[in-house]
Each structure stands twice: as C-alpha cells, then as structure tokens.
Amino acid sequence: MMSVVRRLGAMPLIMAGAMGCQVTAPQGHMPTGFASEELPAVVRCAYSEENESSGLDARSLLNLIAGQTPALESVRALEGEAAIRRQKAATPGWFKHLSSEERLWLAGAMAQDAQAVVKAADAIYKAQAEASELLVDLRASREAMRHIDDSEARLKKVLERAENARKASEAAAPLVEAIKADLAGRETARAKLMAQDSAARARLRYLAGIDPAGELNLELPPLDQPKWINGDLSPAACADQATAQGPGVVAADTLVATLRDCVGMLEGKSLVGSKALAEKKVDFQGALNQAIAARRELDAKLRLGAVEAAEAISAGTRQAAAAAKLLSLAQAATRMIDERVEMNAPGFGAKELFETEGALELARTEELKARLARHKAHARLWLLVGQP
C-alpha cells in the first residue's frame, strides 16, 4: 500500500518530467525523466555562445515544444479523465477503507496518469525530432542561398565577358544565351528555397504551439558551427545508451510499475456489486501485459534507431570528406582557369569560365548535401540518446 501512496505522491513530478523531456536547459542540466543529471558519457556536443543572438536557439525551441506542442492536447484530456476518476475515489480515512468500486476508480486514475506520461513522451519526441530536422534544413537553406548569390555574381561577370566576345563574333551568341538561362535557373532555385524556408518556419511555429502566421525569431548558426561528437560513436555503445535513457524509457517503466500496483491493489479483493466490476480486474492485468510488451518493443526501436543513426554518421562523415576533396579540386580548377583568362592565354575565355563554374556549383551542391545528411543523422542520434 505504501508503494501505491508514494507513487501517487510522485505522479505530478513524473508528469512534470515528461512534459520537459528531451530538452537540455541552457545551463546544460538534463531534465528529470529521460537522462541523468550529468551529460551522457557516450555523446557530448559543444555549442557556441548562444547569448550573442537575440533569436531563439535550438535548445530553447525544443524546450518550448516540450511544453506547448499541440499534440499534448490529447494528453491533457487523459489527465482530466484521471482527475475525475480520482475525485470519485476520494473517501476520508485510510486506503484500506476504500470500497471495491473506489479502489477501481483509484486504480483507473493511476493507470491513466501513467498512460498520459507515456503519450506525452511520445508526442514530445516526435515533435522535437521533426523540429530538429527542420532546423538543420533551415541552416542548409541559408548556406545554399549564399552559394547562389556568390555564383550569380561570378556568372554575371562571365556573361559580361561573353557579351563582349559576341560583339566580335556571333559565334558567341549560344554561349550568351546559355549563361542567361543558367542565371534564370538560379533565380528559380532561390525562389524555391525561400518558399521552403517559409514553410519550415510555419511548421516550427506550429510545433512550438505558436500561431503559424505569427512571428518566431530563430538563431540559425552556420551548418558546421557545433563541434562534432567527441565520444564513442560505435553502434553498440549508442544502442546501449538509447535503451538506458532514450525518449520514453522512464515513462514506459513508470507505466509498467503503476499497472503492477493497480493489479496488486485489486488482487484478492472481492469486488462486490456487479459483474462489470469483476471484469475490470482482468482489464488491468491485460493492460499490464500490453505495457510490458510495448516496453520491449520500445527497447528494440531505440536500439535500431541509434544503430542506424550512428552508422549514418560514420558513412556521412566519409561522404562529406570525399565531397570536400572534390570541392577543393573544383575550386583549384576555377582559380587556374581565372588566371589563364586574366592572362589572355590562348584557348581560355568565357566558355571555359562557364564550364568550370558549372563544375564548381555541382561540387558545392554535393558537399552541402553530404554535410546536411550528416547533421540530420546527428540530430536523430542526440534525441535517441536523450541529449537533444
């Protein structure tokens, strides 16, 4: 009985922990309910000073989502039902004086409270996972816009040179039109990025419980500003950490323990009054069996997700290194062509500049895509190991 009383007293604290799950406070303190007070040993991430910008940084946004995401409305409905059940079980005196029906109401309230914690943890994780990827997309989009601006400025110089060549010979006319078409394509790409940026910001406002048509000023550091993980990134180590303190672990354990208490509370008690009351005993045992099975399934999903993310980071790191090398070679070739053109070397002109610009743009795109994939894998892993 005392374990039941202690669990009931701790329920508001458990709920508070779940509502703040998956969030690292600005001081580096890990919230109750998902991870230990210290940062995990496997995965650590260093961030730049976040007080330099007036925008909302990533961790503050995840905090906001943990408390305000619209998906929590259904959780609050469960909490309301639990409160009604507990009110019906409210009887002066000791716990042993509760009637059979009152015991059922109390057990139902306890179970619904625990189920609300599990549902809140799941809703918060899904919202934070989506927000983390959207933030990475926004940072990559901003970098892509800078690339477009830079390449556009260079192409305009190439166009000027091609138009001068056209004045001397109409043979340069196709080149002029090709450069103009390329510039128009960059304008289209810019418009597409701006549309994606607006849509991502609206989605983030929704996830944070803000009017999608409202304002949300975000801090978006360069894509590679956070330092990379400096701990053990082996798939096995990440899987172990995810199952120990990943999203929903504490909530699922709490649900199993609570349902065991509910079954124990009703065990051996004659439920006088109706057949429906007696059948409720079976319902709690069935719910306990389902909760145990769900806990095992959660373990498997967390391990799989952590392994996939760790392997994606490893593959992404290799891909990013190869793409960076390709970009370096393309930049060197562009500089070489520029020098030849400036020296008026035979066989080097606007056409060669245009061709190298295309190769450089392709290399930049591949390098950015590789870093984007690696960042998204990191974002997934940080959430899965309980350190967003």
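Please read all numbers here as calculations on a predicted model, not as lab measurements.

*Asks:* Can you walk me through the overall build of the protein in this structure?
*Replies:* The secondary structure content of the protein amounts to nine helices and zero strands. Secondary structure of the protein in N-to-C order comes out as α-α-α-α-α-α-α-α-α. Scored against the burial criterion, the 388 residues of the protein give a buried share of 44%. A sequence separation of at least 24 residues applies to 81% of the contacts in the protein between residues at least 6 apart.

*Asks:* Just to check I follow, could you spell out the side chain of Thr 254 for this structure?
*Replies:* Following the sequence through the fold, Thr 254 ends up in helix H7 (residues 249-266). Among the polar contacts made by the side chain of Thr 254, one reaches the main-chain carbonyl oxygen of Val 250 at a distance of 2.8 Å.

*Asks:* Just checking my understanding: could you explain the environment of Arg 295 for this structure?
*Replies:* Its place among the elements puts Arg 295 in helix H8 (residues 275-342). By relative accessible area, Arg 295 is classed as buried at 14%. Considering only alpha carbons, one finds Arg 295 and Val 250, 45 residues apart in sequence, at a separation of 10.0 Å. Among residues more than four places away in sequence, those in contact with Arg 295 are Thr 243, Val 249, Ala 252, Asp 253 and Val 256.

*Asks:* How should unusual backbone geometry be read in this particular structure?
*Replies:* Peptide bonds are trans in most cases, and residues, glycine excluded, mostly fall at negative phi. A positive phi angle, near 55 degrees, is found at Asn 344, a position not held by glycine. Looking at the secondary structure, you find Asn 344 in the loop between H8 and helix H9 (350-384).

*Asks:* Help me out: how do you make sense of the pattern of salt bridges in this one?
*Replies:* Pairing between side chains of opposite charge can happen when the charged atoms of each approach one another. Summed over all chains, the structure comprises 22 salt bridges. Notably, a salt bridge pairs Arg 166 with Glu 170, separated by 3.7 Å at the nearest N-O pair. We classify Arg 166 as partly exposed; its relative accessible area is 28%. Taking the shortest distance from any N to any O, the salt bridge between Arg 303 and Asp 240 comes out at 3.0 Å.

*Asks:* What should I look at first to understand the nonpolar core in this one?
*Replies:* Proteins that are soluble and globular tend to have nonpolar side chains buried together. By size, the foremost hydrophobic cluster in this structure holds 16 residues, and its most contacted members are Ala 107, Leu 259, Cys 262 and Phe 284. Elements with a contribution of two residues or more to this core: helix H4 (100-168), H7 and H8. With seven residues, the top contributor of residues to this core is H7. Those residues in contact with Ala 107 that lie beyond four places of it in its chain are Cys 262, Met 265, Leu 266 and Phe 284. If you look at the next biggest cluster of nonpolar residues, it comprises 15 residues, including Leu 61, Leu 204, Leu 207 and Leu 218.

*Asks:* Is there a simple way to think about the packing of helix H5 (residues 173-207) against H9 in this case?
*Replies:* If you want to describe how two helices pack, look at the angle between their axes and the distance between the axes. For the pair H5 and H9, interaxial distance at closest approach is 11 Å and the crossing angle is 25 degrees. On the basis of their axis angle, the class for H5 and H9 is roughly parallel. Remark: the crossing between H5 and H9 carries left-handed chirality. On the side of H5, the interface is formed by Leu 175, Ala 178, Ile 179, Asp 182 and Arg 186, while H9 contributes Ala 350, Lys 351, Phe 354, Glu 357 and Glu 361.

*Asks:* Is there a simple way to explain the environment of Phe 284 in this structure?
*Replies:* Assignment of secondary structure puts Phe 284 in helix H8. We classify Phe 284 as buried; its relative accessible area is 10%. Taking the C-alpha atoms as reference points, Phe 284 and Ala 111, separated by 173 residues in sequence, lie 8.6 Å from one another. Residues contacting Phe 284, with those up to four places away along its chain left out, are Leu 104, Ala 107, Gly 108, Ala 111, Leu 259, Cys 262, Val 263 and Leu 266.

*Asks:* Help me out: how do you make sense of the confidence of the model for the protein in this one?
*Replies:* Predicted coordinates in regions of low pLDDT should not be interpreted in detail. Here the protein averages 78 in pLDDT, and 74% of its residues register 70 or above. Predicted confidence in the protein is weakest over helix H1 (residues 2-19), with a mean pLDDT of 35, and strongest over H5, with 93. Note that pLDDT drops below 50 for residues 1-53; the model gives that stretch 121 contacts with residues more than four away or on any other chain. Contacts for the low-pLDDT stretch residues 225-230, under 50 throughout, to residues beyond four places or in other chains number 17 contacts.

*Asks:* It is not clear to me how the side chain of Asp 57 should be interpreted in this structure. Could you clarify?
*Replies:* Along the chain, Asp 57 turns up in the loop between H1 and helix H2 (58-68). Here Asp 57 is buried and forms no salt bridge, its nearest opposite-charge partner Arg 59 lying at an N-O distance of 4.7 Å. A polar contact of 3.1 Å, which involves the side chain of Asp 57, links it to the backbone nitrogen of Arg 59.

Cut-offs used in this document
Residues numbered from 1 in each chain as written. Predicted model: local features only at pLDDT ≥ 70, side-chain atom pairs only at ≥ 80, totals over all residues. Heavy atoms only, no water. Helix = DSSP H or I, 4+ residues; strand = E, 2+ residues; numbered from the N terminus. Buried < 20%, exposed > 50% of the residue type's maximum accessible area, 1.4 Å probe, protein only. Contact = heavy atoms within 4.5 Å. Polar contact = N/O pair within 3.5 Å; in protein donor to acceptor, adjacent residues only side chain to side chain. Salt bridge = Lys/Arg side-chain N within 4 Å of Asp/Glu carboxyl O. Core = buried A, V, L, I, M, F, W, Y, C linked by side-chain atoms within 4.5 Å. Axes fitted to C-alpha atoms, helices over the stretch in contact; angles between N-to-C directions. Parallel < 35°, antiparallel > 145°, perpendicular 65-115°, else oblique. Left-handed = near helix turned anticlockwise from the far one by under 90°. pLDDT = per-residue confidence, 0-100. Lys, Arg positive; Asp, Glu negative; His and termini not counted.

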